[in-house]
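Chains, contacts and geometry: an overview
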Amino acid sequence: VPTTPALNPYPRSVQVGEFEVAIDGGIWVAIRVAALDAHDALPCKLTLDEWKKLAPYLSIRFLKAGDALIREGESDRELFILAEGELHVTIHNTVLARLAPGTVVGEGTFFSGQPRSATVVSAAPGVAWSLSWEKFETLSHKQPRLAVDLVKGLAAVLAIRMREAILVGQFT
């Protein structure tokens, strides 16, 4: 039976210097997001307790090379944060961008409900967290301040991308 590489989404512990520290899923999400370094990574400054509250609303996707995370033209209202691996953004089979861990994808359709403008494919095995619109709606009712903080972070990502698009002439 073939096995897949062990990408443990919620390890029981992490090594911190010479110490092994026990953690739960919410803490793991917080540690991973804090370590993400894409230039347009989600800039949320959430506390550990806030990440613990957010974690149950996120789903995890294990990606194999070639897996489509997003397909051009679809309208599913779900956004993704790449935790591990690499994604390629394509339009009509032309790779427009290579995305590193920390990158948020799908935020345009997440907010607008409009069809997706590109296909996003995993270039290597990886892990992505997703947030569906339905789970976001639930979050906004149960944890409104947390939902606002998340939206502020996503708005910052959109602003960075819009500025970059203007600078390279892709948006007027």
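The structure we're discussing is the one just above.
Residues numbered from 1 in each chain as written. Predicted model: local features only at pLDDT ≥ 70, side-chain atom pairs only at ≥ 80, totals over all residues. Heavy atoms only, no water.

It is worth spelling out the overall build of the chain at this point. When its secondary structure is counted, the chain shows five helices and 10 strands. Counting over 172 residues, the chain shows a buried share of 40%. Of the contacts formed within the chain by residues at least 6 apart in sequence, a portion of 71% connects residues at least 24 apart. Counting only carbon and sulfur atoms, one obtains 56% of the accessible surface of the chain, whose full area is about 9,800 Å². (Helix = DSSP H or I, 4+ residues; strand = E, 2+ residues; numbered from the N terminus. Buried < 20%, exposed > 50% of the residue type's maximum accessible area, 1.4 Å probe, protein only. Contact = heavy atoms within 4.5 Å. Areas by Shrake-Rupley, 256 points an atom, 1.4 Å probe, with all protein chains shown as cover.)

This brings us to the pairing of strand S5 (residues 78–84). The buried fraction of S5 is high, at six of seven residues. Sheet analysis places S5 next to strand S10 (residues 126–132), joined by six bridges and oriented antiparallel. Residue pairing for S10: Leu-82 is matched across the bridge by Ala-128. Here S5 runs beside strand S8 (residues 104–105); their pairing, made up of two bridges, is antiparallel. Among the inter-strand pairings, Ile-81 is bridged to a residue of S8, identified as Val-104. (Pairing = 2+ DSSP bridges.)

Turning to helix H4 (residues 133–142), a few remarks are in order. Turning to H4, its buried residues are Trp-133, Phe-136 and Leu-139. Buried residues of H4 fall within an arc of 115° about the axis and therefore sit on the same side. Turned more than 90 degrees off the buried face of H4, the exposed positions are Glu-134, His-141 and Lys-142. Considering only its buried residues, H4 is in contact with helix H2 (48–54), helix H3 (107–112), S10 and helix H5 (144–167). (Arc of directions from axis to C-beta.)

Moving on: the sheet that holds S5. An order of S3-S10-S5-S8 is seen for the four strands of this open sheet, with the pairing classed as antiparallel. Among the strands making up the open sheet, the edge pair consists of strand S3 (59–63) and S8. Judged from the five bridges that link them, S3 and S10 form a sheet pairing that is antiparallel. Residue pairing in the sheet places Ile-60 in a bridge with Trp-129 of S10. Running over the sheet, H4 touches S3 and S10 and is turned about 60° from S10. (Axes fitted to C-alpha atoms, helices over the stretch in contact; angles between N-to-C directions.)

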